[in-house]
Amino acid sequence: MLVTAFQNVLLALFSAYNFSHKLPKKIAATVMLCCMLTLPTMAYSEQLKVTLAAEDGWPPFADEFGRGISHHLIHQAFKQVDVAVSTIVVPYTRGLVMTDRGSVNGVFNVTKEKSTLKRFVFGLEPLFTVNASFFFAKSHPTSVSDKWHLPVGSVVGIIDGYEYGDEFIQLIEKRQLRITKVNSQRQLINLLLVGRIDSAIMFDMVADVYIEQMGVGKDINAEFNNHTSEIFVAFSKKDPQAEQWSKLLDKGLQTLKQQGHYQQLLVPLD
């Protein structure tokens, strides 16, 4: 419809011009034909663009400067299918809300689980897989070897708005855990160090970054696994193109794997 409208406008303008200037018929017809053939290509050549919310506190995957593994991987995957990506760096929970509302096309670094499947559209190809563990302060060591044997009533720190696996609600109920929610990894680590919480669940690679930055590697240990997550871009159900975006991203990720470039993109950037 857009092309037809442009063609009609062009035809009207050209007719007016030809009438006033009386161009020879053969020249006029040739010029008009060239314009009509070129116009569809011009109208359809604009690159697809997707806007994604990116969380600001999950290095090495996504940081407050809009950098990290996730940024690089998503840009490269969409590049394979000729889609340009723009990102808005916000706190994770805000990115989820923006996607819920349709303010952006999607948000990345989301775990595909029951709670998120109800809210968002996902593709089939995860960006990557990450492990999350229970961390303990060495000054308050644990005597258990897995999460199902945590002492009843333990105080566990988590990040507000993060997903912790489909088993997490069951674990809370079974072990009668008391959950403390905070907004950042640094807060979790500090609460752990001062004994305000018994343990904290953190994604291993993310925890490693903050533990090194804070210089507390000798004070905190990861003791056992909480869950393993496949991490995705979650697209908005308010976006009529959500299925298209998810399929294009799947194709882009598959192409990177076929080319042998995928593993290289999972290496943290300096």
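Residues numbered from 1 in each chain as written. Predicted model: local features only at pLDDT ≥ 70, side-chain atom pairs only at ≥ 80, totals over all residues. Heavy atoms only, no water.

Per an unreviewed UniProt entry, the protein chain goes by Transporter substrate-binding domain-containing protein and derives from Shewanella phaeophyticola. According to the UniProt record, the Sequence similarities (unreviewed entry) comment for the protein chain reads "Belongs to the bacterial solute-binding protein 3 family." (UniProt positions renumbered as here; feature names shortened; annotations may be inferred.)

S.K.: Got a sec to walk through the side chain of Thr111? Specific residues and values, please.
M.R.: Following the sequence through the fold, Thr111 ends up in strand β3 (residues 106-111). In terms of polar contacts, Thr111 uses its side chain to reach the side chain of Ser229, at 3.3 Å. With near-sequence residues (within four places) excluded, Thr111 lies in contact with Thr116, Phe122, Glu163, Ser229, Glu230 and Ile231. (Helix = DSSP H or I, 4+ residues; strand = E, 2+ residues; numbered from the N terminus. Polar contact = N/O pair within 3.5 Å; in protein donor to acceptor, adjacent residues only side chain to side chain. Contact = heavy atoms within 4.5 Å.)

S.K.: Describe the pairing of strand β5 (residues 128-137), listing the residues and the values that go with them.
M.R.: A large share of β5 lies buried, amounting to 8 of its 10 residues. Across 10 bridges, β5 lies against strand β9 (residues 220-236) in antiparallel orientation. Counterpart to Phe128 in the pairing with β9 is Ile231. Across 4 bridges, β5 lies against strand β8 (residues 199-203) in antiparallel orientation. When the sheet's bridge partners are listed, Ala132 is paired in β8 with Phe203. (Buried < 20%, exposed > 50% of the residue type's maximum accessible area, 1.4 Å probe, protein only. Pairing = 2+ DSSP bridges.)

S.K.: I'd love a proper account of helix α8 (residues 204-214), names of residues and values included.
M.R.: Note on helix geometry: an α-helix contains 3.6 residues per turn, so any two residues three or four positions apart are oriented the same way. Restricting attention to buried positions, one finds in α8 the residues Val206, Ala207, Tyr210 and Ile211. Take α8 and look down its axis: the buried residues cluster within an arc of 130 degrees, on one side only. On its buried face, α8 is in contact with β5, α7 (185-193), β8 and β9. (Arc of directions from axis to C-beta.)

S.K.: Break down the pattern of salt bridges for me, with residues and values.
M.R.: One pass over the structure, following the stated rule, counts 4 salt bridges. Here Asp63 and Arg67 are joined by a salt bridge, their closest N and O atoms 3.5 Å apart. With relative accessibility at 12%, the residue Asp63 sits in the buried group. A salt bridge links Glu167 to Lys147; the shortest N-O distance between them is 2.8 Å. Of this pair, Glu167 sits in the loop between β6 (155-159) and α6 (168-175) while Lys147 sits in the loop between β5 and β6, placing them 20 residues apart in sequence. (Salt bridge = Lys/Arg side-chain N within 4 Å of Asp/Glu carboxyl O.)

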